[in-house]
Amino acid sequence: MKVFISREICAPGIELLRSHGIELNIWKEKRELTPLELIENCKNVDALLSAGANKLDAKFMKKCAHLKVISLHSVGFDNVDISEANHLKIPIGHIARILSEPTSDIAFLLMLAVSRKAFSGYERILNGNWNFFEPTRYLGIEIKGKTLGIFGMGNIGFEMARKCKAAYGMEIIYTSRSQKENAEKELNARRVSFDELIRQSDVLSLHSTLNPETRGKFNKTVFNQMKPNSIFINTSRGAIHNEKDLIEALQNKTIFGAGLDVTNPEPMNKNNPLLSMSSVAVLPHMGSATVETRNEMSVIAAENIIAAFEGKRIPYPVNPEVYG
């Protein structure tokens, strides 16, 4: 059996695949594959391990209908045409269970960095502007006792809420497709409407998937309803917020600040105005970037492939319906 891996991943997953006698072709160039290159590299293999933002659309699926499995090195699958994969009976695997802690750590880090204008403080030092002390300048805001709003109370949202409750005694409110009894019991969280969420949150943290309902949901209308001293955090997908509207809201002081681990587009242009704002913190989509997590991600991606090659149901499917 042969597998094409669309970029280098951590060693444990590679070793696991090779220990099962699987032949690997790994893309090692430091650039994105073109759609045609991806198709060409998948023509003579039995599976794809897709690491990165490869667009696996209907055209790709039809050209590579022979694949026994596609294993994603990510939780998100908004770049995959699931309907076409189902039609062609191709199981799609993803990383389903390990990103809660590292990604919630990044959300928590961004919240603190924005609240105290930490990134701009560091920038002042780099630029030689740490000089005359002015008691009324460079002021942040405190988080203790404030209200945290969670948009999408899944595993990552729960961990972010747990951290904020434990560290700062924050009140937790959330919106989610279903009631989250564990959050309500353990964190005294309250489920509220979307309108209540955006009006009441001092910190609004996004942890939902990207889908037609959430794409561009956080726009000018939403930002205009938020508190003037509120902080907007997005560690899910950049396309959930309208970046132009977010820039305008920050420039007009409609909201206090923003912390982003995801942007729209990615990578972000180095001249983006967000990067020069004192109450903004931006990271290059590194929510899962720990040695421990990336090692385990590589193993989970490999396990999905191995199961498919052995004729078994893959352990972490995006589309379990493909098995009928």
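Heads up: these notes are all about the structure in this document. (Residues numbered from 1 in each chain as written. Predicted model: local features only at pLDDT ≥ 70, side-chain atom pairs only at ≥ 80, totals over all residues. Heavy atoms only, no water.)

What follows concerns the overall build of the chain. Of regular secondary structure, the chain possesses 12 helices and 12 strands. Here the chain has a C-alpha radius of gyration of 21 Å; the compact-globule value for 324 residues is 20 Å, and the two agree. Counting only C-alpha atoms and orienting by the principal axes, one finds that the chain spans roughly 65 × 50 × 35 Å. Residues classed as buried in the chain amount to 51% of the 324 residues present. Within the chain, contacts between residues at least 6 apart in sequence are counted, and of these 63% link residues at least 24 apart. Of the roughly 16200 Å² of accessible surface on the chain, 50% is carried by carbon and sulfur atoms. Here the chain carries 40 positive and 36 negative side-chain charges, and the mean point of each set is 2 Å from the other. (Helix = DSSP H or I, 4+ residues; strand = E, 2+ residues; numbered from the N terminus. Rg over C-alpha atoms; globule rule 2.2 N^0.38 Å. Buried < 20%, exposed > 50% of the residue type's maximum accessible area, 1.4 Å probe, protein only. Contact = heavy atoms within 4.5 Å. Areas by Shrake-Rupley, 256 points an atom, 1.4 Å probe, with all protein chains shown as cover. Lys, Arg positive; Asp, Glu negative; His and termini not counted. Charge placed at Lys NZ, Arg CZ, Asp CG, Glu CD.)

Before going further, it helps to examine the sheet that holds strand β11 (residues 257-260). The sheet built from 7 strands is open, its strands ordered β8-β7-β6-β9-β10-β11-β12 with parallel pairing. Strands at the two margins of the open sheet, each flanked by one partner only, are β8 (190-191) and β12 (280-282). Its contacts with the sheet put helix α11 (residues 243-251) on β10 (231-234), β11 and β12, and the angle it makes with β11 is roughly 145°. (Pairing = 2+ DSSP bridges. Axes fitted to C-alpha atoms, helices over the stretch in contact; angles between N-to-C directions.)

On to the packing of helix α1 (residues 11-19) against helix α12 (residues 291-309), then. Between α1 and α12, the least distance of the axes is 6 Å, while the angle of their chain directions is 25°. Accordingly, the angle class assigned to the pair α1 and α12 is roughly parallel. Taken as a pair, α1 and α12 cross one another with a handedness that is right-handed. Judged by residue contacts, Pro12, Gly13, Leu16 and Leu17 of α1 engage Asn295, Ser298, Val299, Ala302, Glu303, Ile305 and Ile306 from α12. Residues that form the contact of α1 with α12 fall into these classes: 7 nonpolar, 3 polar and 1 charged. (Parallel < 35°, antiparallel > 145°, perpendicular 65-115°, else oblique. Left-handed = near helix turned anticlockwise from the far one by under 90°. Nonpolar A, V, L, I, M, F, W, Y, C, P; charged D, E, K, R; others polar.)

This brings us to the side chain of Ser71. Its place among the elements puts Ser71 in strand β4 (residues 69-72). Residue classification places Ser71 among the buried positions, given a relative accessible area of 0%. If we skip the residues at most four places from it in the chain, Ser71 touches Leu48, Leu49, Ser50, Gly93, Ala301, Asn304 and Ile305.

Quick look at the pattern of salt bridges now. Using the criterion set out here, one finds 16 salt bridges in the structure. Within this structure, Glu101, Asp105, Glu159, Arg162 and Lys163 form a network of salt bridges that share partners. (Salt bridge = Lys/Arg side-chain N within 4 Å of Asp/Glu carboxyl O.)

This part takes up the layout of surface pockets. If you add up the space inside the second largest pocket, you get close to 330 Å³. What lines the second largest pocket is a set of 18 residues, among which Arg124, Glu134, Arg137, Tyr138 and Leu139 lie closest to the centre. Its residues placed into classes, the lining of the second largest pocket shows 7 nonpolar, 6 polar and 5 charged. (1 Å grid on protein atoms, 1.4 Å probe; cavity = no way out; pocket = protein on both sides within 12 Å on 5 of 7 lines; lining within 4 Å. Points joined across faces, edges and corners; volume = space filled by probe spheres on them.)

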